[in-house]
Amino acid sequence: PPPPWLPSPVPPPPPTQPPRPPRGPRGPLPHDGGSPPGTRRTLEQHPCDRGPASHVDAQPCEPAVLPPISVSTPPQACVASPVLTSPPVAPLMPHVAPQIEPHQPPPVHHPEGLVPPYKSLARDGCSLVSRQAGLYRSIEDETLDPLDHVAEALRLRFEDAACSQPIPAYNMQAIEAYTSVSIPEAQRRRRQAIDYWRGRAASLPPHDPSEPFHSALVEEMDRELDLLDRGPARFDVPLEVLDLVRSGAEVTGVVAYDQVFSRKAKPGPSPVPLDHLFGQQDAYRRSVERQLQSYSKADQVLLWAALDKEVSQGFGVVHLALPAPEAGRPDVFVKRFPVAQIKWDSPTWEEKTRPCDDGTACGVNSALQCLSHVDCNTLDRFAESAACFMQRARSRGYSGGFSCVVFDHDQAYRRVKRSRRFRCLVPVVSPGGAVTVGGAQHHVPAGRVVYFEAWRLLFGEGGAVPAYCLTARTVAIIIAKVLHLPPGHYIDDFIAALLEADSTAVDDLWEFLVDVLRFHLQRQKFRSGTELLYLGMETKFSADGIRFVISENRRRKYVEILQRYLDRNQLLRPQASQLAGRLNWACNALFGRCGRAFLSPILTRAWSREARPELNRDLASALRWWRQWLSAPRADLSRFIPAAPRRLTRPALSYSDASTSFGLGGVLLLPDSREALWFRTRVPLGDPIDRLEVEAAAVADLVFGPLLTQRGYVDEIAFIDNNVSGAWVTRGRGRADVDPILSAMWLQMAVRGGFKWFERVSSASNLADRPSRGLVPVCPCGWRLQELSGVLRWSPEDHAALERP
């Protein structure tokens, strides 16, 4: 039976939308094999405002054409509406990965064995946080006339589903449990849970200090609470994390953690055979020993101090000379070197030097193939979870403010054992100091090399990240299941949103983690409040919501480093990897998926082994884009997540097109107010059509974007009828003559913070086809049609403006 302190199951929230009416004679969209009929989809069909689908075939009435309006002065109808946000979040079921043999992608079934040329939202889903990849055509019928296509497009809507809403099921359960009761009741249940599990821990074997947490207690928690929602299987199949923390993590071979993480779509190359790895170690050891002698005195002292600390903590032992080989257990030598890390949030260019282990040069990382997709909870995912938490609290009567708590795991990787498949030896040169061997201090002359036998994971091994993240994810799940607090974590940095009126939550969390679970934390790094600096982002909580702001010191240093790479016209692979990580975190926090397209060239350089250090065109364009965006006013480098419940609304629709006979055209449909705004712009003859199509999409975004912000629209579906231009617009780069246009377009989207999804439409169905030929577009019956005057084309001279803030 469940323990008495467990709350009764919280019923799911009532549906916020009425059931869908039946489709008209056209019937549902054809099912094309992605997910079985009846399952939830990210895209739902909603009835058109004009009535049943059977009315689509009727002749359109004459639109009420109003006088043109200028885009410089918004029309009277363009009064700012309340800012809208995304719909409430529905609980997610845990992802169950298919059992896949190594080196094979997951199975994808298509009708009659054919791969469709286009993706669709119903079949392939979407992501609100990662960039769009591939060409989408969610309305399959390309023979529809423009009004029929509009009728179908008005039924499209993004819905919270597993592939688009990155809130884990355990977090949703914690949010529901935390917000469904009063604060005194939540405190009472949390106190009962802590006392209960403290008593259970006292009846179990003592905690092994070599483990990151009390593994026997976690095993009991899984049996009672079903941590991973496995049902009866939890009594027969042990937790993978328990085997890992007790026996050690594998850093070579084929590794998968299927109980917590899903499988990768592309698992990567096959691992290098271990015999090949072991056969190269003698030559590599001699090379490392020669390099150690060239280290400066300061670096030798730094590495020696790190060695002494690890030995004192029981993370390994020291051999004063090269140890004799062990039978059946080969030796692998890992180079340890100092690395200077910039303190990004410091006002000066201060650096912190720390030891790092090279798992690549010794061959260990190439001997590993990790099949698991380790989905680290980046700040955008915490924003989604915190927004859901705040909105649930508001909808259930809470009127106070919000706060958060942040902490990180002390010596995170060093808390996890490594497997004993081979003996890991780290050569370290002595600066002339003492080290503990066999419980006694031994002085080692300067210049002599000792060998540290590591028993724990090393910072620099590819297998250390998924192995530790499995441990950290288990702790996050336990916090949610036991204390009913919704946590997030990025590797070893944890964060949780709290009700500000809940005065005991922070102390309860510390007591449970340290005293009961035996999780290693440092008090000075356990911080709480309404304004905290979390991984370089100023996180400010208030009664109205959360605001993320990039710190000024970090922003300034990013701009200087980008300018340095542009001036040198070089970006090395390690530099690209570090830069991508920094910029990825910034764009995660500030504008979700916008800007991810300009991470792609930087990541390509980081992953390419054959890349030259010189900047290519795509990479230089991406660096310039990031420099310009980070040079924007600081007010634009922020993101606000409101605490008020979000109002459901259909996305706005935009169509753009170009013709060589007239110029550019675009149409914006606002479903809430039944308005159709359009423009037409004449351009000189001679430009290629693919460039004109990109220019039409960019002009449409620059013209319609401010109107969408005024009206409170966040989601927009943009239709383009040229596949080449659509691909360029989606990924943010294309040809040399269109890259400046794409940069301006994506910069506008990033600053606006909107969500724009690109879709394929045929020329026959494109509502903007007539404006691109200088004609008035057709309009759905009952909608107001209004032309925007004064729209100009994008000029090549505007590229100079991209170089200025």
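Note: the structure precedes this text.
Residues numbered from 1 in each chain as written. Predicted model: local features only at pLDDT ≥ 70, side-chain atom pairs only at ≥ 80, totals over all residues. Heavy atoms only, no water.

1. A closer look at the overall build of the chain
Turning to step 1, where the next piece is worked out: A count of helices and strands for the chain gives 20 helices and 29 strands.
Turning to step 2, where the next piece is worked out: A separation threshold of at least 6 residues defines the contact pool for the chain, and within that pool the share at least 24 residues apart is 79%.
Turning to step 3, where the next piece is worked out: For the chain, the accessible area works out to roughly 33,700 Å², and carbon and sulfur atoms hold 55% of it. (Helix = DSSP H or I, 4+ residues; strand = E, 2+ residues; numbered from the N terminus. Contact = heavy atoms within 4.5 Å. Areas by Shrake-Rupley, 256 points an atom, 1.4 Å probe, with all protein chains shown as cover.)

2. Topic: the packing of aromatic side chains
Turning to step 1, where the next piece is worked out: Within the structure shown, the criterion is met by 18 aromatic pairs.
Turning to step 2, where the next piece is worked out: Centre to centre, the rings of Trp 625 and Trp 626 are 5.1 Å apart; their planes meet at 85°, and the pair counts as edge-to-face. Accessibility assignment for this pair places Trp 625 and Trp 626 in one class, buried.
Turning to step 3, where the next piece is worked out: Clustering of aromatic rings is evident, with ring pairs tying together Phe 407, Phe 494, Trp 510, Phe 519 and Phe 526.
Turning to step 4, where the next piece is worked out: The ring of Trp 349 has Arg 564 sitting right over it, with the charged end atom 5.4 Å from the ring centre. (Phe/Tyr/Trp six-rings, centres within 6.5 Å; stacked < 30°, edge-to-face > 60°. Buried < 20%, exposed > 50% of the residue type's maximum accessible area, 1.4 Å probe, protein only. Lys NZ or Arg CZ within 6 Å of the ring centre and 35° of its normal.)

3. Here's the deal with the sheet that holds strand β20 (residues 531–534)
Turning to step 1, where the next piece is worked out: Pairing in this open sheet of four strands is antiparallel, and the strands run β20-β21-β22-β23 from one edge to the other. Looking along the sheet, the strands with just one partner apiece sit at the ends: β20 and β23 (638–642). The average angle at which neighbouring strand axes cross in this sheet is 20°, direction not considered.
Turning to step 2, where the next piece is worked out: In this sheet, strand β21 (residues 537–541) lies alongside β20 in antiparallel orientation, the contact comprising four bridges. Looking across to β21, one finds that Leu 533 is bridged to Glu 538. (Pairing = 2+ DSSP bridges. Axes fitted to C-alpha atoms, helices over the stretch in contact; angles between N-to-C directions.)

4. With respect to unusual backbone geometry
Turning to step 1, where the next piece is worked out: Unlike most non-glycine residues, Asp 226 shows phi in positive territory, near 55°.
Turning to step 2, where the next piece is worked out: Counting through the fold element by element, Asp 226 comes out in the loop between α5 (215–225) and α6 (240–247).
Turning to step 3, where the next piece is worked out: Unusually for a residue other than glycine, Asn 569 sits at a positive phi of about 60°.
Turning to step 4, where the next piece is worked out: According to the relative accessible area criterion, Asn 569 is partly exposed, its value standing at 37%.

5. Looking at the pairing of strand β18 (residues 493–499)
Turning to step 1, where the next piece is worked out: For β18, the tally of buried residues reaches seven of seven residues, placing the bulk of the element in the interior.
Turning to step 2, where the next piece is worked out: Where burial is concerned, the two faces of β18 agree: the one with Asp 493, Ile 495, Ala 497 and Leu 499 and the one with Phe 494, Ala 496 and Leu 498 are both buried.
Turning to step 3, where the next piece is worked out: Pairing geometry for strand β17 (residues 487–490) and β18, over four bridges, is antiparallel. The partner of Gly 488 across the bridge, within β18, is Ile 495.
Turning to step 4, where the next piece is worked out: Hairpin connection, β17 to β18: the antiparallel pair is bridged by two residues, and Ile 491 has positive phi, about 55°.

6. Here's the deal with the environment of Gln 748
Turning to step 1, where the next piece is worked out: Relative to the assigned elements, Gln 748 resides in helix α19 (residues 739–752).
Turning to step 2, where the next piece is worked out: On the basis of relative accessible area, Gln 748 is assigned to the partly exposed category, the value being 25%.
Turning to step 3, where the next piece is worked out: For the pair Gln 748 and Leu 702, spaced 46 residues apart in sequence, the C-alpha to C-alpha distance is 6.9 Å.
Turning to step 4, where the next piece is worked out: Each residue touching Gln 748, except ones within four places of it in the same chain, is listed here: Asp 701, Leu 702 and Pro 706.

7. A word on the nonpolar core
Turning to step 1, where the next piece is worked out: Counting 189 residues, the largest nonpolar core has Phe 512, Leu 513 and Ile 602 as its most contacted members.
Turning to step 2, where the next piece is worked out: In terms of residues, this core owes the most to one element, helix α11 (residues 464–483), which gives 14 residues.
Turning to step 3, where the next piece is worked out: In this structure, Leu 513 is in contact with Phe 407, Val 475, Ile 479, Arg 518, Phe 519 and Leu 521, ignoring residues within four places of it in sequence.
Turning to step 4, where the next piece is worked out: Of all hydrophobic cores here, the second largest spans 26 residues; its members include Leu 121, Ile 717, Phe 719 and Leu 785. (Core = buried A, V, L, I, M, F, W, Y, C linked by side-chain atoms within 4.5 Å.)

8. Here we look at helix α8 (residues 281–292)
Turning to step 1, where the next piece is worked out: The first and last C-alpha atoms of α8 sit 16 Å apart over 12 residues, in line with the 16 Å expected at 1.5 Å per residue.
Turning to step 2, where the next piece is worked out: Taken together, the buried positions of α8 are occupied by Gln 281, Tyr 284, Arg 285, Val 288, Glu 289 and Leu 292. Down the axis of α8, the sector holding all buried residues measures 135°, keeping them to one side. (Expected span 1.5 Å × (residues − 1). Arc of directions from axis to C-beta.)

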